[in-house]
2 protein chains.
Amino acid sequence: MHALIMAGGSGTRLWPCSREACPKQLLSLLSERTMLQEAWERITPLVPSNRIFVVTSKAYTDIVRQQIPQVPADNIIGESEGHGTAPCIGLSALYLKRLDPEAVMAVLTADHYIGKADEFRRTLGAAAQVAEEGHLVTLGIQPNRPATGYGYIERGEKLAHVSGHEVYRVEKFTEKPDLTTAQAFIESGRYYWNSGMFIWKVSAILREFEKLMPQFYAQLIEIDAALGTAEERAVLERIWPWVEKETIDYGIMERAEDVAVIPVDIGWSDVGSWATLFELLPTDGEGNVVVGQHIGLGTRGCLIHGSHHLVTTIGLEDMIVVDTEDALLVCPKERAQEVRDLVEKLKESGREEYL
Amino acid sequence: MHALIMAGGSGTRLWPCSREACPKQLLSLLSERTMLQEAWERITPLVPSNRIFVVTSKAYTDIVRQQIPQVPADNIIGESEGHGTAPCIGLSALYLKRLDPEAVMAVLTADHYIGKADEFRRTLGAAAQVAEEGHLVTLGIQPNRPATGYGYIERGEKLAHVSGHEVYRVEKFTEKPDLTTAQAFIESGRYYWNSGMFIWKVSAILREFEKLMPQFYAQLIEIDAALGTAEERAVLERIWPWVEKETIDYGIMERAEDVAVIPVDIGWSDVGSWATLFELLPTDGEGNVVVGQHIGLGTRGCLIHGSHHLVTTIGLEDMIVVDTEDALLVCPKERAQEVRDLVEKLKESGREEYL
């Protein structure tokens, strides 16, 4: 198996820690290792480092190389411009094809938390078997609440039972639903969250690009011819700015015919906000999650994420306080999603230095 | 008239701005000038700087001299140890006596806000006339709520009407009352808050020390003999550590016979907490008081007091956020009094560097 770790996200909702210059996946938010390092470590018992690829923004390739020196420098693919997951995966598939066009390729995320690494690897093993048969395989997260922030996968007929895992044909992908729809999904028992992780043969996904995104596929063909030659850089620089923005979900998964889903129980979290981070970290005797120095009087259920400052609080409940070297955020946990809007406001008001 | 500005307070409830090394009265919290500078400027149309004395902790004499260079350096009295307002005033009275024992002396505070400086000076003029007759005069603040944090002065018979000001005999001083008592005080219409500002003849207050605090008076006599001689410093160093702690209210005012109160309307505030500061400063369009840089989403009625950091908030209501170079405080406005307990907790946990 080969692995592609996607590490190009922005993690805006984890501002002010997550910044343009060093986003979420490159930070140590959940352990002493960065999320990217965790993602590498998680897969490495299954895939040797020379078969692990990382695709990220060109701006992050140096720091990615520093964080996971075990992965050959040539396996770090830097996009000059992000155009969504479809182009990012398509480009990466070309690199993998040169090693082995019939390889199974696991597309993994660098900015998610996976609590059950063993089970995760077992699932990938099963998924690889299904992918060998030509299916595009997705990992479906068993939902525990009617979240409106995720895409959902509806399962269809059962395809197989592989190494203890059920495999279903995918009936339908649904983008972020409204609350009523999400509730109906949960009740039906036939829906899973789209984890953004996929397993397929390199040849299979390239065939789908050819069929479903022919214009992009033509661009890939041009790039492919130049890979490994003296022209590689020039060709990429010429073609890449013209690639259209597209997600793999919309561009391929929702329209491909042979898609399978494997429901998984891997302790997954997208670490999508400070409120999510609070749930993943151990609380102290007063129900607070504290990183850094905190002195509180009657403060409960809060995430206090400090750096050099001493953070002191009186009577805070269910709040988020994130203190970095140059910026501070104070926000109720239930409004943690709005950090994205705050960052938007920073952008609008020209505070580039804080982005 | 001579003036004595007391500038030795600690301003603990304004932590983390107010620190042991530079407390409230030496900070610019309400204007571009420090509170001490405001106090000096307020009195200077009435009292020339060479008749203004400042008593403070020895640790602050240098910074006091820097802040108000107009006041002769010899007029800055530094206590090696603070023993409360009675010893502080007694010692200062000795210095004033050497200039003029029959002088009227206005004891003023450096850490209070006075919104109506003209009216304040008019009141002092009237108070000086009353003091000339030998009375100990206090300024009584018309209470606007049943505060439990102040001492109250009950007025007795009317003594005079001087330059548009009523003058009453003081019936009784009451230390910080409970809420029920405070409510009854307010309803009676005969009670005023004790402003901690007094006007009396130097000779009159020294007579009261002799009568009501004879042991301390004996110490004063010893010091007095040494003042201005080569022995001054040695005598002070020998005697001062043995002086007993006492407030002027309890030591003198509550027990003196000839005390008068002049009710005043001078826009007074003790600036006792961050919540009080909020009330004194202008709010922006969203009802927030902002010092420094703030970006908020739906934040209302908050005091945001930043320094170098950018402070960002989402959906905060009636909160206090104070950000200094090394420490941060987040606290609901209604619990602003508890900052004192927080500082106590810092002390107990050995965080000396933050005090």
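Description of the overall build of chain A
Then, in step 1: Along the backbone of chain A there are 11 helices and 15 strands.
Then, in step 2: The C-alpha radius of gyration computed for chain A amounts to 21 Å, which stays within 12% of the reference 20 Å derived for 355 residues, consistent with globular compactness.
Then, in step 3: Burial status across chain A gives 47% buried among its 355 residues.
Then, in step 4: Considering only residue pairs separated by 6 or more positions, chain A has 63% of its internal contacts joining residues 24 or more positions apart.

As for the environment of Gly350(A)
Residues and elements named next belong to chain A.
Then, in step 1: Checked against the element boundaries, Gly350 lands in the segment after helix H11 (339–348).
Then, in step 2: Overall, the presence of 7 C-beta atoms within 10 Å leaves Gly350 in the exposed class.
Then, in step 3: For the pair Gly350 and Leu29, spaced 321 residues apart in sequence, the C-alpha to C-alpha distance is 27 Å.

Here's the deal with the interface of chain B and chain A
Much of the literature gives interface size as the accessible area that the parts lose upon coming together.
Then, in step 1: Each partner contributes to the interface: chain B provides 28 residues, whereas chain A provides 28 residues.
Then, in step 2: Going through the elements one at a time, strand S12 (289–297), strand S13 (303–314), strand S14 (319–323), strand S15 (327–332) and helix H11 (339–348) of chain B are the ones with two or more residues in the side of chain B that touches chain A.

Re the environment of Pro282(A)
Then, in step 1: Here Pro282(A) is to be found in the loop between helix H10 (274–280) and strand S12 (289–297).
Then, in step 2: Classification of Pro282(A) by C-beta neighbours within 10 Å gives exposed; the count is 6.

With respect to the environment of Met1(B)
Residue and element names in this part refer to chain B.
Then, in step 1: If you trace the backbone, Met1 turns up in the segment before strand S1 (2–6).
Then, in step 2: Assessed through the 19 C-beta atoms surrounding it within 10 Å, Met1 is described here as partly exposed.
Then, in step 3: Taking C-alpha positions, Met1 is 24 Å from Arg33, a pair spaced 32 residues apart along the chain.
Then, in step 4: In this structure Met1 touches Leu46, Val47, Val104, Ala106 and Ala128, once residues within four positions along its chain are discounted.

Some details on the domain arrangement of chain A
Residues and elements named next belong to chain A.
Then, in step 1: Domain parsing of chain A yields domain 1 (2–269) and domain 2 (274–354).
Then, in step 2: Look at where the C-alpha atoms of domain 1 and domain 2 centre, and you get two points 30 Å apart.
Then, in step 3: The interface is formed by 10 residues belonging to domain 1 together with 14 residues belonging to domain 2.
Then, in step 4: Considering only residue class, the side of domain 1 that touches domain 2 consists of seven nonpolar, two polar and one charged.

Details of the relation of the copies chain B and chain A
Then, in step 1: By a simple turn and slide, chain B fits onto chain A: the slide is 0.1 Å along the axis, the RMSD is 0.0 Å, and the turn is 180 degrees. Each copy turns onto its partner about a two-fold axis. Every residue of chain B has its C-alpha some distance from the rotation axis, and the shortest such distance is that of Val330(B), at 4.2 Å.
Then, in step 2: Comparing interface residues between copies, 100% of those in chain B also lie at the interface in chain A; the contact surface is shared.

Looking at H11(B)
Then, in step 1: Taken as a whole, H11(B) has its buried residues at Val339(B), Leu342(B), Val343(B) and Leu346(B). Burial along H11(B) is one-sided: seen end-on, the buried residues are contained in an arc of 100 degrees.
Then, in step 2: Packed against the buried residues of H11(B) are S12 and strand S13 (303–314) of chain A together with helix H10 (274–280) and S15 of chain B.
Then, in step 3: Following H11(B) by one or two positions, Gly350(B) has its phi on the positive side, about 75 degrees.

Section: the nonpolar core
Then, in step 1: Ranked by internal contacts, the top residues of the largest apolar core, which has 229 residues, are Ile5(A) and Ile5(B).
Then, in step 2: In contact with Ile5(A), other than residues within four places in its own chain, are Ala39(A), Trp40(A), Ile52(A), Val54(A), Leu108(A) and Ala110(A).

A few points about unusual backbone geometry
Residue and element names in this part refer to chain A.
Then, in step 1: Note the cis peptide between Trp15 and Pro16, where omega equals 10 degrees.
Then, in step 2: Tracing the chain through its elements places Pro16 in the loop between strand S1 (2–6) and helix H1 (35–43).
Then, in step 3: In this model, Asp318 sits at a positive phi of 50 degrees, which is unusual for a non-glycine residue.
Then, in step 4: By the element assignment, Asp318 lies in the loop between S13 and strand S14 (319–323).

Thoughts on the packing of helix H3 (residues 85–99) of chain B against helix H6 (residues 202–212) of chain B
When two helices pack together, their arrangement is captured by the angle between the axes and the distance separating the axes.
All names here are of chain B.
Then, in step 1: At a minimum axis separation of 10 Å, H3 and H6 run at an interaxial angle of 140 degrees. With respect to each other, H3 and H6 are oriented oblique. Relative to H6, the crossing made by H3 is left-handed. Each of Ile89, Gly90, Ala93, Leu96 and Lys97 in H3 lies in contact with H6, whose residues at this interface are Val202, Ile205, Leu206 and Phe209.
Then, in step 2: When the residues that make up the contact of H3 with H6 are grouped by side-chain class, the tally is seven nonpolar, one polar and one charged.

Rules used in this analysis
Residues numbered from 1 in each chain as written. Chains lettered and ligands numbered in written order. Predicted model: local features only at pLDDT ≥ 70, side-chain atom pairs only at ≥ 80, totals over all residues. Helix = DSSP H or I, 4+ residues; strand = E, 2+ residues; numbered from the N terminus. Rg over C-alpha atoms; globule rule 2.2 N^0.38 Å. Buried ≥ 20, exposed ≤ 12 C-beta atoms within 10 Å, placed from the backbone. Contact = placed C-beta atoms within 7 Å. Domains from an automatic or database assignment. Nonpolar A, V, L, I, M, F, W, Y, C, P; charged D, E, K, R; others polar. Least-squares fit on C-alpha atoms with pLDDT ≥ 70 in both. Arc of directions from axis to C-beta. Core = buried A, V, L, I, M, F, W, Y, C linked by C-beta atoms within 7 Å. Axes fitted to C-alpha atoms, helices over the stretch in contact; angles between N-to-C directions. Parallel < 35°, antiparallel > 145°, perpendicular 65-115°, else oblique. Left-handed = near helix turned anticlockwise from the far one by under 90°.

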